[in-house]
Amino acid sequence: MDTRYKEIDYWIKQSNVNFLVICGMGGSGKTTLAQYTVYSNQDKFENIRIVEHIDSEWKEPHHLLKLQETLLGGLGVEKQQVPNHNQGKVMIEKALQRKKALIVLDDIANHVQLEDLLGRGSINEESKIIVTTRKTSMCKWVGSTYGGCREYEMELLDDNEALELFSLHAFGSKNPIEGYKELAQQVVGYCDGNPLALEVLGSSLSHDLSITHWKSELDKLKKDIHPGIRRVLIRSYTSLPYECEKELFLHIACFFNGVDVDYVVKIFEHNCSAVASIKALTKR
Ligand SMILES: Nc1ncnc2c1ncn2[C@@H]1O[C@H](COP(=O)(O)OP(=O)(O)OP(=O)(O)O)[C@@H](O)[C@H]1O
Ligand SMILES: [Mg+2]
């Protein structure tokens, strides 16, 4: 965590930019890093608040009012005073101007969600707002709307960090236990540095430490994805707005992974608007 936090620490202490967007794939550690930042800096701000799961809350009834109330609560404004969305927005704008706050808006899927929550007013120059998102285009929009934004793109774990995290969950120690190094490295290779995948597989393999069980589980992983990892990653797929983007994603993942982009465009431009769709996929 420390290595990833360094850049953010500089933004908190030295930068006069209000916004930081942490972006990266599902399970890469965005929420964890944002939480760590808040707990490391809570004494420096008048008000702090983490508004979690924004994209999933968005699908619930009365979502916006609930989220506005959560945010206002963190800015020191009483819950029962929010009569409707528009007034909620005005109250948030006023509070953001006044308070020196550290706020995390976790899991924002598009800029409409952000604007509905924050409004477009000016923000106290000593405040810091962290937005976590899977989309790489968010920082550009925030920068042009609120006058400045830093971006931190999540780095996945390197081989040593990955083996350490996996071992912690599988064996309860930083290193694999004797006789398991090679098997552990195979699982780590499968996870490609994604902390969520390492954690899910480490915990699930920790229940039975027999070599036969591990080999059989590894075999299964070659044929299918673990449901705990699928659940997180599938959200990126289902949130693609157009059917042709979904279709193109599957074509590329199954048959054209690593193939020259011009060739793929030539084949799919007609049916899937490949130029625009590849651009949309790349942003994710
Ligand atoms: N640097 C880290 N060291 C150890 N564990 C980590 C680290 N980063 C993340 N994790 C673990 O990996 C899991 C996934 O992290 P997290 O939920 O923060 O990912 P995310 O990027 O917010 O995913 P999503 O896009 O689904 O919201 C968590 O259970 C967390 O504990
Ligand atoms: Mg998250």
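This write-up is about the structure you can find in this document. This structure is a prediction, so every number in the text was calculated from the model and none was measured.

Right, let's get into the sheet that holds strand 4 (residues 128-133). Taking strand neighbours across the sheet as the criterion, the five strands line up as 2-3-4-1-5 in an open arrangement whose pairing is parallel. Two strands close off the open sheet at either side, each with one partner strand: strand 2 (47-51) and strand 5 (149-153). Here the strands of the sheet are splayed against their neighbours by 15° on average, with no regard to which way each runs. Bridge analysis of strand 1 (residues 19-23) against strand 4 gives five bridges, and the strand direction is parallel. Each bridged residue has a counterpart across the sheet, and for Val21 the counterpart in strand 4 is Val131. Against the sheet, helix 7 (residues 138-146) touches strand 1, strand 4 and strand 5, its axis set at about 170° to strand 1.

Nonpolar side chains in soluble globular proteins tend to be buried together. By size, the foremost hydrophobic cluster in this structure holds 36 residues, and its most contacted members are Val21, Ile22, Leu105 and Val131. When neighbours within four sequence positions are excluded, Val131 is seen to be in contact with Phe19, Val21, Leu105, Ile108, Leu114, Met138 and Val142. Among the nonpolar cores identified, the runner-up in size contains 16 residues, and Leu163, Phe166, Val187 and Ala197 belong to it.

Bringing the packing of helix 9 (residues 181-191) against helix 10 (residues 195-206) into the picture now. Here helix 9 crosses helix 10 at 145°, and the two axes come no closer than 9 Å. The chirality of how helix 9 crosses helix 10 is right-handed. The residues of helix 10 that touch helix 9, namely those facing Val187, Val188 and Cys191, are Ala197, Leu198 and Leu201. Classifying every residue of the contact of helix 9 with helix 10 gives six nonpolar, no polar and no charged.

Let's shift gears to the environment of Leu105. In this structure, Leu105 sits in strand 3 (residues 101-105). For the pair Leu105 and His53, spaced 52 residues apart in sequence, the C-alpha to C-alpha distance is 8.4 Å. Discounting chain neighbours no more than four positions away, the residues touching Leu105 are Val51, Ile54, Leu114, Leu117, Ile129 and Val131.

What follows deals with helix 8 (residues 159-171). Taking 1.5 Å as the rise per residue, helix 8 with 13 residues should run 18 Å; its terminal C-alpha atoms sit 17 Å apart, in good agreement. Among the residues making up helix 8, those that are buried are Ala162, Leu163, Leu165, Phe166, Ser167 and Ala170. Its buried side turned inward, helix 8 meets helix 9 and helix 10. One or two residues past the end of helix 8 sits Gly172, with phi positive at roughly 75°.

Thresholds applied
- The residue count restarts for each chain, going from 1 along the sequence in the order it is written.
- Here every chain gets a letter starting at A, and every ligand a number starting at 1, in the order they are written.
- Totals for whole chains, interfaces and linings use all residues, but because this is a predicted model, local features are given only for residues with pLDDT of at least 70 and pairs of side-chain atoms are given and counted only at 80 or more.
- Strands pair, by our definition, only if DSSP identifies at least two bridges between them.
- Strands here are runs of E lasting at least two residues and helices are runs of H or I lasting at least four, both read from the DSSP assignment and numbered beginning at the N terminus.
- Interaxial angles span 0 to 180 degrees and are taken between N-to-C directions of axes, which are lines fitted to C-alpha atoms, for helices over the stretch in contact.
- The contact criterion used is a C-beta to C-beta distance within 7 Å, with each C-beta placed from the backbone.
- Structurally, a nonpolar core is described as a collection of buried Ala, Val, Leu, Ile, Met, Phe, Trp, Tyr and Cys residues joined by way of C-beta atoms within 7 Å.
- Residues are called buried when their C-beta atom has 20 or more other C-beta atoms within 10 Å, exposed when it has 12 or fewer, and partly exposed otherwise; all C-beta atoms are positioned from the backbone.
- Crossing handedness: left-handed means the near helix sits turned counterclockwise from the far one by under a right angle, and right-handed means the same turn made clockwise.
- Residue type decides the class: Asp, Glu, Lys and Arg count as charged, Ala, Val, Leu, Ile, Met, Phe, Trp, Tyr, Cys and Pro as nonpolar, and the leftover types, Gly among them, as polar.
- Between the first and last residue of a helix there are one fewer steps than residues, each counted as 1.5 Å, and that sum is the expected span.

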